[in-house]
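Now for the letters of each chain:
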Amino acid sequence: MTVTVRFAPSPTGHIHIGNARTALFNWLYALKNKGRFIQRFDDTDLARSKQGYADGILYDLGWLGIFPDAVDYQSRRFGDYDAAVERLKAAGLLYPCYETAEELELKRKVRLSRRLPPVYGREALKLNEAEKADFEGEGRQPHWRFLLPNFRSDPFETERTEIHWNDVVRGEETVDLASLSDPVLVRADGTYLYTLPSVVDDINMGVSHVIRGDDHVTNTGVQIALFRALGAEPPAFGHHNLLTTASGEGLSKRTGALSISGLRESGIEPMAVASLAVLIGTSENVSAVRTMDELAEKFDPASTSKSASKFDPAELGVLNRVLLHAMPFEEARTRLLALGVDGERAEPFWITVRGNLDRLADAGKWWGIVNEGPEPGEMLSAEDREFVREAFDLLPEEPWDRSTWKSWTDQVKEKSGRKGKALFMPLRLALTGLASGPELADLLPLLGREGTLARRP
Ligand code: GLU
């Protein structure tokens, strides 16, 4: 059987690192099993779904390194859902209900006060045709509930009905269908809730593994019953834990918390996001993984914790630096080009500065320092200024290489009697305008004798 997975967000906002976790779990699962990855947009809510958000999600996935084998939209498949509804109705498994939200709330309170579980009591199943016609005469439109198979012959005599599955992430899972209300599949205005379209698509698209957040565990009990009611074998399921902010808050697409686009704009590398999103809350240490294939090697869904994982965005900064500090020139080349870093010195320049970068774009600043002159700012004292001027008079002749810095400063040391910070810091400030930065031994050959002399204060 070909492994087929899908990532199924609603295109109602920008995806955040928690959504990326779901996408990546699916992508890596497909990668490991040579499977297919379907990008499915759950856009049955036509008012809130926007093509712009769907496009943004595809862009974010591509940036992360996820390239779907197929892209589909639920809004193009209403015919399939309507057919499933007819099939369920014909089987007596979908029944019309007329209660308003207030009436349902009252029923719930009454049940609680009688120490009964607060599930829907299936009162609408008792309605005869005349009663239904009366409701419709009042202008009420029915919503439709799926009759859960949690009884033997009398739907008012429910009994414990366990649905089991071996969760790809969590291991053995059980949901008791008698603890649940018959779920509403179709609203009074005819719109679909997520439950049915998802199952119909999973059947029609041949999805073999549904991997999603653990907020869907209860849905899985219902959906497995729905697969069977529609005559299909349920797929395998996996539910990963959710990510929360350091203060324990959930992430939301609507609030834009830690959106992938925001992280990208702030200069975080895609593999920093992917490494954290996949490895946090697993038995693997979170480390900066360079490629998706290496991440797939480390990926083991069964080692994921069952409780929510708090994560600290500052960790992204740490991973980012690790990735940049080891990034080969070839990988950085086109992005450097966009920053104006070009020509013969581009590669040695990159090797020199990468160890000092928080963000790749900061290389642009260093390119400016190398080519145009020191950052304005740090002022030398009169005494240091004099010292630097004299030091520059001792600059050796070219050719220059990595050893030039040492031979030069050895000479300066001897002449001036300065050593340590008193020797190096004024030179660094004169050359770069900054108190810290790449090794001067590497920087000096990039500046060249002429470029260095031009910095003589
Ligand atoms: N649209 C659903 C969600 O974003 C999909 C859940 C699923 O993967 O089945 O929660």
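The residue numbering used here restarts from 1 in each chain and proceeds along that chain's sequence as written. This being a predicted model, a pLDDT of at least 70 is required before a residue's local features are given, and a value of 80 or more before pairs of side-chain atoms are given or counted; all residues contribute to the totals for chains, interfaces and linings. Side-chain numbers come from the whole structure's heavy atoms, not from hydrogens or water.

Novice: Sorry, what's going on with the site of the ligand here?
Specialist: The nearness test applies per residue and asks whether one of its heavy atoms lies within 4 Å of the molecule or strand. As a structural note, the neighbourhood of the ligand is formed by Arg 6, Ala 8, Pro 9, Asp 42, Tyr 194, Ser 198, Arg 212 and His 216. A distance of 2.5 Å separates an oxygen atom of the ligand from a polar atom in the side chain of Tyr 194. Each residue receives one of three labels: charged for Asp, Glu, Lys and Arg, nonpolar for Ala, Val, Leu, Ile, Met, Phe, Trp, Tyr, Cys and Pro, and polar for the others, Gly being one of them. Classifying every residue of the shell around the ligand by side-chain character gives 3 nonpolar, 2 polar and 3 charged. The definition of a polar contact used here is a pair of N or O atoms within 3.5 Å, where within protein one atom must be able to donate a hydrogen and the other to accept one, and adjacent residues in sequence count solely through side-chain atom pairs.

Novice: Mind showing me how you'd approach helix H6 (residues 195–204) here?
Specialist: The periodicity of an α-helix, 3.6 residues per turn, causes residues three or four places apart in sequence to face the same way. Buried, partly exposed and exposed residues are distinguished by accessible area as a fraction of the type maximum, computed with a 1.4 Å probe on protein chains only: under 20%, between the cut-offs, and over 50%, respectively. Segments assigned H or I by DSSP are reported as helices when at least four residues long, segments assigned E as strands when at least two residues long, and all are numbered from the N terminus. Among the 10 residues in H6, 8 count as buried, and that is most of the element. By the burial criterion, the buried members of H6 are Thr 195, Leu 196, Pro 197, Ser 198, Val 199, Val 200, Asp 201 and Asp 202. Taken together, the buried residues of H6 touch strand E1 (4–7), strand E2 (36–41), helix H3 (78–90), strand E8 (184–186), strand E9 (209–213) and helix H7 (217–229). Once H6 finishes, Gly 206 follows within two positions and takes phi at roughly 65 degrees, a positive value. Whether two residues are in contact is decided by their heavy atoms, any of which lying within 4.5 Å being enough.

Novice: Even after reading the chapter, I still don't get unusual backbone geometry, so can you show me in this structure?
Specialist: What is expected of a backbone is that most residues other than glycine have negative phi and most peptide bonds are trans. Geometrically, the link from Glu 398 to Pro 399 is a cis peptide bond, its omega value of 5 degrees lying close to zero. Note on placement: Pro 399 falls in the loop between helix H15 (382–392) and helix H16 (404–416). For Lys 34, which is not a glycine, the phi torsion comes out positive at approximately 50 degrees. Mapped onto the fold, Lys 34 is located in the loop between helix H1 (17–32) and E2. Of note, Arg 115 is a non-glycine position whose phi angle comes to about 60 degrees, a positive value. If you trace the backbone, Arg 115 turns up in the loop between helix H4 (101–113) and helix H5 (129–137).

Novice: Hey, could you run me through the pattern of salt bridges in this one?
Specialist: Side chains that differ in sign of charge can pair as their charged atoms come close. Salt bridges are counted wherever a side-chain nitrogen of Lys or Arg sits within 4 Å of a carboxyl oxygen of Asp or Glu. Applying the stated criterion across every chain yields a total of 31 salt bridges. Here Glu 103 ties to Arg 140 by a salt bridge, and the two come within 2.9 Å at their closest N and O atoms. On the criterion of sequence distance, the pair formed by Glu 103 in helix H4 and Arg 140 in the loop between H5 and strand E5 (143–146) is long-range, its members being 37 residues apart. In this structure Glu 103 comes out as partly exposed when scored by relative accessible area, which is 32%. We note a salt bridge from Glu 162 to Arg 160, for which the minimum N-O separation is 2.9 Å. On the basis of relative accessibility, which here comes to 38%, the residue Glu 162 falls in the partly exposed class. For Arg 160, a relative accessible area of 56% gives the class exposed. Within the structure, one salt-bridge network assembled from shared partners comprises Arg 6, Arg 40, Asp 42, Asp 72, Arg 77, Asp 80, Asp 201 and Asp 202.

Novice: What should I look at first to understand the packing of aromatic side chains in this one?
Specialist: The description of an aromatic ring pair rests on the distance of the ring centres and on the angle between the ring planes. Stacked, edge-to-face and tilted are the three classes for Phe, Tyr and Trp ring pairs, Trp counted by its six-membered ring, which pair at centre distances within 6.5 Å; planes under 30 degrees apart are stacked, over 60 edge-to-face, the rest tilted. Tallying each qualifying case throughout the model produces 13 aromatic pairs. Grouping aromatic residues by their ring pairs yields a cluster made of Phe 392, Trp 405, Trp 408 and Phe 424. Charge-over-ring placement is defined geometrically: NZ (Lys) or CZ (Arg) within 6 Å of the ring centre, and within 35 degrees of the ring normal. Between Arg 418 and the ring centre of Phe 387, over which it is positioned, the NZ or CZ distance is 4.2 Å.

Novice: Would you mind showing me how to read the nonpolar core here?
Specialist: Nonpolar side chains tend to gather and get buried jointly when the protein is soluble and globular. By nonpolar core is meant a set of buried Ala, Val, Leu, Ile, Met, Phe, Trp, Tyr and Cys residues that side-chain atoms within 4.5 Å join together. Of all hydrophobic cores here, the largest spans 47 residues; its most connected members are Ile 17, Leu 24, Leu 28, Ile 66, Val 273 and Leu 295. Residue assignment for this core shows that the elements contributing at least two residues are E1, H1, E2, helix H2 (51–64), helix H8 (260–265), helix H9 (270–279), helix H10 (292–298) and helix H11 (314–325). With 9 residues, the top contributor of residues to this core is H1. Those residues in contact with Leu 24 that lie beyond four places of it in its chain are Tyr 29, Ile 66, Ala 274, Ala 277, Val 278 and Met 292. One finds Trp 366, Val 388, Trp 405 and Val 412 within the second-largest nonpolar core, a separate group that totals 39 residues.

All quantities given are derived from atomic positions and should not be read as evidence of function.
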